[in-house]
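Fold and contact review
The chain contents come next:
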Amino acid sequence: MTTIIALGLQWGDEGKGKVIDYLCEKAQMVVRACGGANAGHSIHTDGRKYVLHLIPSGIVHEGVRCLLGSGMVISLSSLEKEIAELTEATGRNVNESIGISHGAHIILPWHSELEQTRENSSKPVGSTLRGIGPAYETRASRFGITAGMLAHPELLRKNLEILRDSIAPDSTVSVEMVFDELMNYATWVVPMLADVSLEVFNARKNDARILFEGAQGILLDVFHGTFPYVTSSNTVTGGIYAGIGVGPDGNEKIVGIVKAYTTRVGLGPFPTELFDATGEKIRDVGKEYGATTGRPRRCGWLDLVALRYAVRLSGVTSIALTKVDVLNDFEEIMICDSYIDGEGHEITEFPPSGIGLENCKPVYTKLKGWKSFSSGSLPLPLIDYIRLIEERCGVEVSIISMGPDRRDTIEL
Ligand code: IMP
């Protein structure tokens, strides 16, 4: 059975929640691999809106096993809140459907304090302030706290001491306070601990229908994104395998989710950003405000140079183009297919890791807008837009999303 991998190809906020929900309608298992509550996946279904930060999108469907992989960094207070909201909204005991990898790391108050200090410094990255970066940092330094440690109180206490001494020796939050809080969480977290790698491996052997859910976007990848304005995990396809603990089986369908225009939150270069009324119109019509932080998103035209780079890094087999309806009311639509770099040369490839991107100016192709399309056959200007993306990126567009509801989806 084919595993579907769905991931964002821009700077996050591509409308992953909606597409993943659509794709996982028939899935039996949905697995998140990386990131934490910096993500915000919105799902509109049956007249309700769900915003998921940690739990995989499959949770809104009954009977879907939802797993949080080792590559994730988890805030237990966020998870508790999310579970409570979902339990109320669905009337189900959602805990039974969720498995948390022993190896996932736990975000603690010291991580958040550290991040707050850094973001107040002269070199902020405009993070979501969810403690994500410091949690990955302590994991890489090999003294973080894993979810599995909640089942081993003495090991947990010892590691909390090491962690506090290392990153927050002057904090007013003591080891005892954090230990007691974690022991409270342990009552519901420990029963949810799971060997995610093994479960996924066995489910694949049994031909289960599985979806791997990416978070953030390729251009925020810590190795390949626009460093240092990136998140702290690997958002590329390889990061998804690593975060879950399985390898490719050569049979995956990799769906890259792309918004019909571009947005970015936080700091960092963004060549096609619009600072005029058109940018504001995209923000207003597209309701481009962060699902996690509420911050207004920076908006601009679609950037095919960046998209080709993301397609290369992710190995996608098709594209789902989202929020196409947001561009319904434009006479003309611009699409960027090359840059003039800082030295005046025209370039068609994204600068590796985005170095020098801040000096790149977009070269646009002007296309006719398709004007107020809702259903029925696709208008010609929209077909032209889609064909240009396919031709310039070498991947077919297989889905277009025309609105937040699952029904506003067209398979091409
Ligand atoms: P962090 O992941 O909170 O450390 O934030 C680092 C950068 O990634 C900031 O620019 C954030 O705005 C951005 N970021 C992190 N998660 C998301 C997301 O889910 N959508 C969009 N941007 C994100």
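Analysis parameters
- Residues numbered from 1 in each chain as written.
- Predicted model: local features only at pLDDT ≥ 70, side-chain atom pairs only at ≥ 80, totals over all residues.
- Heavy atoms only, no water.
- Core = buried A, V, L, I, M, F, W, Y, C linked by side-chain atoms within 4.5 Å.
- Buried < 20%, exposed > 50% of the residue type's maximum accessible area, 1.4 Å probe, protein only.
- Helix = DSSP H or I, 4+ residues; strand = E, 2+ residues; numbered from the N terminus.
- Contact = heavy atoms within 4.5 Å.
- Near = heavy atom within 4 Å.
- Polar contact = N/O pair within 3.5 Å; in protein donor to acceptor, adjacent residues only side chain to side chain.
- Areas by Shrake-Rupley, 256 points an atom, 1.4 Å probe, with all protein chains shown as cover.
- Pairing = 2+ DSSP bridges.
- Axes fitted to C-alpha atoms, helices over the stretch in contact; angles between N-to-C directions.

Counting residues in hydrophobic clusters, the biggest one holds 60 residues, and the most contacted among them are I74, L76, L79, W110 and L160. It is helix α6 (residues 175–189) that provides the largest number of residues to this core, a total of eight residues. Setting aside its immediate chain neighbours within four residues, W110 contacts L160, L163, R164, I167, A168, S171, V173, S174, V175 and V178. The next biggest cluster of nonpolar side chains, apart from the first, holds 54 residues, and it includes I5, Y241, V316 and F330.

Let us look at the environment of V230. Locating V230 in the fold gives a position in the loop between β10 (210–217) and α8 (237–244). For V230 and I218, which are 12 residues apart along the polypeptide, the C-alpha to C-alpha distance reads 9.5 Å. With near-sequence residues (within four places) excluded, V230 lies in contact with L219, L220, D221, V222 and G225.

Glancing now at the site of the ligand. Close to the ligand lie 16 residues, the nearest being D13, N38, T128, T231 and R295. At 2.5 Å, a side-chain N or O of T128 approaches an oxygen atom of the ligand. With respect to the ligand, the side chain of R295 contributes an N or O atom lying 3.0 Å from an oxygen atom. Relative to its unbound accessible area of 470 Å², the ligand is 97% covered by the protein chains.

With that out of the way, let us pick up the sheet that holds strand β11 (residues 253–259). What links the strands of a sheet is backbone hydrogen bonding, and the strands pair in either a parallel or an antiparallel sense. With respect to topology, 10 strands assemble into an open sheet ordered β9-β7-β5-β2-β10-β1-β11-β15-β19-β20, the strand pairing being mixed. Both outer strands of the open sheet, β9 (193–194) and β20 (409–411), are each paired with one neighbouring strand and no more. One ladder, built from five bridges, connects β11 with strand β15 (residues 318–322); its direction is parallel. Counterpart to V255 in the pairing with β15 is S318. Running at roughly 135 degrees to strand β19 (residues 397–401), helix α11 (residues 380–393) makes contact with β15 and β19 of the sheet.

Burial runs high along α8: six of the eight residues are buried. Of all the positions in α8, only T237, G239, I240, Y241, G243 and I244 are classed as buried. Of the surrounding elements, those touching the buried residues of α8 are β1 (3–8), β2 (29–32), α7 (196–205), β10, β11 and α10 (304–314). Just beyond α8, the residue with positive phi is G245, at close to 95 degrees.

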